Amino acid sequence: MGVFVYDRSFEGLLTAVFHAYSRREFPECLVGEGEPGPLFAGDRFRVVTDDVLAGRVWRGLERRAGRSICNRVLCVWLSEEEGTDMLLMRYLRRIFGSPRGAESDFTDRDVLRMEQVARRVAQEGHRLMQFVRFQRAADGTYFAPVSPRYNSLPLAVEHFRERFSDQPWLIYDMKRGYGYRYDLHEVAGVELRLDERLGEGRLPADMQFGGEERWAELWRAYYGALSIRERLNPKQQRRCMPLYYRKYMTEHW
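Residues numbered from 1 in each chain as written. Predicted model: local features only at pLDDT ≥ 70, side-chain atom pairs only at ≥ 80, totals over all residues. Heavy atoms only, no water.

Draft legend 1. Highlighting the overall build of the protein. Helix and strand content of the protein: nine helices and eight strands. Based on the C-alpha atoms only, the size of the protein along its principal axes is roughly 65 × 40 × 40 Å. The proportion of buried residues among the 253 residues of the protein is 43%. At a minimum sequence separation of 6, the contacts of the protein that also span at least 24 residues come to 66%. A total of about 14,800 Å² of accessible surface is found on the protein, and carbon and sulfur atoms cover 50% of it. (Helix = DSSP H or I, 4+ residues; strand = E, 2+ residues; numbered from the N terminus. Buried < 20%, exposed > 50% of the residue type's maximum accessible area, 1.4 Å probe, protein only. Contact = heavy atoms within 4.5 Å. Areas by Shrake-Rupley, 256 points an atom, 1.4 Å probe, with all protein chains shown as cover.)

Draft legend 2. Focus on the layout of surface pockets. Roughly 370 Å³ of volume is contained in the largest pocket. Along the wall of the largest pocket there are 15 residues; nearest its centre are Arg8, Trp77, Leu78, Glu80 and Thr84. Sorting the residues of the lining of the largest pocket by element identifies α3 (67–78) and α4 (84–97) as the ones contributing at least two each. For the lining of the largest pocket, the element with the most residues is α3, which contributes three residues. Of the residues contributing to the lining of the largest pocket, the split by class is six nonpolar, four polar and five charged. If you add up the space inside the second largest pocket, you get close to 310 Å³. Along the walls of the second largest pocket sit 13 residues, with Phe134, Glu212, Trp215, Trp219 and Thr250 positioned nearest its centre. Here the lining of the second largest pocket takes five residues from helix α7 (residues 212–226), the largest share from any one element. When its residues are assigned to classes, the lining of the second largest pocket shows six nonpolar, three polar and four charged. (1 Å grid on protein atoms, 1.4 Å probe; cavity = no way out; pocket = protein on both sides within 12 Å on 5 of 7 lines; lining within 4 Å. Points joined across faces, edges and corners; volume = space filled by probe spheres on them. Nonpolar A, V, L, I, M, F, W, Y, C, P; charged D, E, K, R; others polar.)

Draft legend 3. Inspection of helix α5 (residues 109–131) at higher detail. With 23 residues, α5 extends 33 Å between its outermost C-alpha atoms, agreeing within 8% with the 33 Å of an ideal straight helix rising 1.5 Å per residue. When α5 is considered as a whole, its buried residues turn out to be Asp110, Val111, Met114, Glu115, Val117, Ala118, Val121, Glu124, Gly125, Arg127, Leu128 and Phe131. In this fold, the buried residues of α5 make contact with α3, α4, β5 (142–146), α6 (153–163), α8 (234–240) and α9 (243–246). Capping the start of α5 is the job of one residue whose side-chain oxygen sits 2.9 Å from the backbone nitrogen of Asp110: Asp108. (Expected span 1.5 Å × (residues − 1). Polar contact = N/O pair within 3.5 Å; in protein donor to acceptor, adjacent residues only side chain to side chain.)

Draft legend 4. Expanded view of the sheet that holds strand β4 (residues 135–136). Spatially, β4-β5-β6-β7-β8 is the arrangement adopted by the five strands of the open sheet, whose pairing is mixed. Sheet topology places β4 and β8 (187–190) at the edges, where each strand pairs with a single neighbour. Examined bridge by bridge, β5 and strand β6 (residues 169–173) share five bridges and lie parallel to one another. Bridged to Val146 within β6 is Asp173. In this fold α6 packs onto β6, β7 (178–182) and β8, with an angle of close to 15° to the strand it touches most, β7. (Pairing = 2+ DSSP bridges. Axes fitted to C-alpha atoms, helices over the stretch in contact; angles between N-to-C directions.)

Have a look at this one:
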């Protein structure tokens, strides 16, 4: 059983695909650095992540199958589901090794699973665009904590850059410990040591911009007035807006 060891990064996976073709040896198992492999594993090949080689694979995929398939591959990677890396390895091998159109053959189990997983992650990206709630911090930055089921924040960043281009903001994934900050010029990834009081996603009074709590009260009053109690449907609400979003939404505090 051939085993490839890589650094668990997306670029590392693409580099592994390149080496699989150059060595004419496709792994039966992918493991992260320092992780135990299968009990009866054969030779191990250590993949050193190379952005140039990863870029060649990515551009080759775009030429071969188009931008929509590249987006599908990215969405599946962001799902963080177990076994995703081997699924992607098999999928890319199928695309590069089969006639054009293989990515639409849903009789293939891997192709079908790719479509299903990518659709769930893309839907999560759209939910982020809908359910993010900003709070204005003392320095004027608009702060929004999130904790999506999938690692879908990168899919929504461009939307916020275009929609809120006239104000500085920081959207932070509390579950994964990273976020994106916009300073009116560019978007950059950030990793912060957040105040422990932000565990619930609500800015403490001493970190809020003046009058922010009053605006939050007005928003909650508007939300309450807009609701029709006789037509409340909690089950439908949970289906359209999962409970893990409500923790960071002003109207549910």
